[in-house]
Amino acid sequence: MDCCECFAKYILCLFNFVFFVIGSVVLSIGIWLVADKNSFIQITQLQALGQAESNSQAQHVIEEFAGPSVLDHTAYIMIAIGAFIFIISFLGYCGALQGNKVLLTAYGLFLIIIFALQITGIVLSVVYRKQADEQGRMLLKRSLSTSYTARSSRNTVTLSWDLVMSNMECCGVNNYTDFLEARQFVAAAREEGGGRKVPEACCILQGDHSLLQPADENCVVSPSTTNSYLFKGCYNKFLHLVSENLNLVFGCLVGVGAAQFVAIVFAFCICKGSGQDERVLAYYK
């Protein structure tokens, strides 16, 4: 084994060991959540935090995010991601450490497939940018129209949207008119009376944003550009943030792609070196 091959071996081992540990941790937490949610809530002190919180609305937020449905979905996502990282990094680590051509070839092929899918996704998103934009807006608007409700009976979707709108300082997907099509929100507003047009999260807030306290009490009934973000859609706000940080996004994509490419090259270099070592040993036998 020459110097370059030895360097590639140890770099690949170190790289995959880090991801092996990350994948193991994520997978373990996901399995823990599925097996015993109660102990997770107790150890992470979500339950105690909810009981200690004096504000009833903030307590409701904590209880919603600690609810079984949210934790179940989170657990399955973590298991899938953790298992994927675990398997790929296991192949790379053991293959590089042992110089096993089968494991290294499998690892390299997996990375090539992932790399190709990423390139395909980027190309398709550029070519079909308009269609992707329309589909993204449609999916977000559908979540508002079917699941968003009033503050008094918030569900997980409502909590998520309130969190996004209050922190990004925006209102709806396109603007405040999206809430005219939110069936549950309109029904709840009709029941409570008062002529509510927008949720508190669309208003300019005071104090802790998680408490959703509008600076102007009349904002939900009479929203304007001075007391709310009624014309600032969250989708356009997100696109604006991405465009402002385009260099960072591009740098991250290039960095991830370069790391994958280097890992692929190192894997096949070690694989080729192992084959040469085997031929040398066979010759001298």
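Our structure's up above, just so we're on the same page.
About the thresholds
Residues numbered from 1 in each chain as written. Predicted model: local features only at pLDDT ≥ 70, side-chain atom pairs only at ≥ 80, totals over all residues. Heavy atoms only, no water. Phe/Tyr/Trp six-rings, centres within 6.5 Å; stacked < 30°, edge-to-face > 60°. Helix = DSSP H or I, 4+ residues; strand = E, 2+ residues; numbered from the N terminus. Lys NZ or Arg CZ within 6 Å of the ring centre and 35° of its normal. Disulfide = S-S within 2.5 Å. Buried < 20%, exposed > 50% of the residue type's maximum accessible area, 1.4 Å probe, protein only. 1 Å grid on protein atoms, 1.4 Å probe; cavity = no way out; pocket = protein on both sides within 12 Å on 5 of 7 lines; lining within 4 Å. Points joined across faces, edges and corners; volume = space filled by probe spheres on them. Nonpolar A, V, L, I, M, F, W, Y, C, P; charged D, E, K, R; others polar. Patch = residues over 30% accessible without salt bridge, like charges linked within 9 Å, V, L, I, M, F, W, Y side chains within 5 Å. Areas by Shrake-Rupley, 256 points an atom, 1.4 Å probe, with all protein chains shown as cover. Salt bridge = Lys/Arg side-chain N within 4 Å of Asp/Glu carboxyl O.

Draft legend 1. Quick peek at the packing of aromatic side chains. Considering all chains together, one arrives at 10 aromatic pairs under this definition. Each ring, one from Phe 7 and one from Phe 266, has its centre 6.3 Å from the other, and the planes form 80°; the classification is edge-to-face. Of this pair, Phe 7 sits in helix H1 (residues 3–35) while Phe 266 is found in helix H11 (residues 246–284), placing the two residues 259 residues apart along the sequence. Put simply, the rings of Phe 20, Phe 86 and Phe 90 pair up and form one aromatic cluster. The cationic tip of Lys 9 hangs over the ring face of Tyr 10; the distance from NZ or CZ to the ring centre is 5.8 Å.

Draft legend 2. Expanded view of the state of the cysteines. Following the criterion strictly, the structure yields three disulfides and no others. The side chain of Cys 170 participates in a disulfide bridge whose partner is Cys 234; the two sulfur atoms lie 2.0 Å from each other. Judged by the sign of its S-S torsion, about 90°, the bond between Cys 170 and Cys 234 is right-handed. Of this pair, Cys 170 sits in the loop between helix H8 (156–168) and helix H9 (183–192) while Cys 234 is found in helix H10 (residues 234–244), placing the two residues 64 residues apart along the sequence. As far as burial versus exposure is concerned, Cys 170 and Cys 234 are alike and both buried. For Cys 203, the disulfide goes to Cys 219, at an S-S distance of 2.0 Å. Given an S-S torsion of about -100°, the disulfide between Cys 203 and Cys 219 has left-handed geometry. With Cys 203 in the loop between H9 and H10 and Cys 219 in the loop between H9 and H10, the pair connects residues that are 16 residues apart, well separated along the chain. There is no split in this pair, since Cys 203 and Cys 219 are both buried.

Draft legend 3. Local environment of the layout of surface pockets. Of the pockets and cavities examined, the largest pocket occupies roughly 710 Å³. At the level of elements, helix H6 (101–127), helix H7 (129–147), H10 and H11 are the ones that each hand at least two residues to the lining of the largest pocket. Among the elements that line the lining of the largest pocket, the one with the most residues is H10, at five residues. Of the residues belonging to the lining of the largest pocket, the class tally is 11 nonpolar, three polar and two charged. The space that makes up the second largest pocket amounts to roughly 300 Å³. The wall of the second largest pocket is formed by 13 residues, among which Phe 15, Phe 19, Ile 88, Leu 111 and Gln 260 lie closest to the centre. Going through the elements one at a time, H1, helix H5 (68–98), H6 and H11 are the ones with two or more residues in the lining of the second largest pocket. Top element by residues in the lining of the second largest pocket is H5. It accounts for four residues.

Draft legend 4. Representation of a nonpolar patch on the surface within the structure. Residues Leu 14, Phe 15, Val 18, Phe 19 and Ile 22 make up a contiguous nonpolar surface patch of about 420 Å² in total accessible area. Its place among the elements puts Phe 19 in helix H1. Note on Phe 19: relative accessible area 36%, which makes it partly exposed.

Honestly, that's just the spatial picture; any functional story needs more than this.
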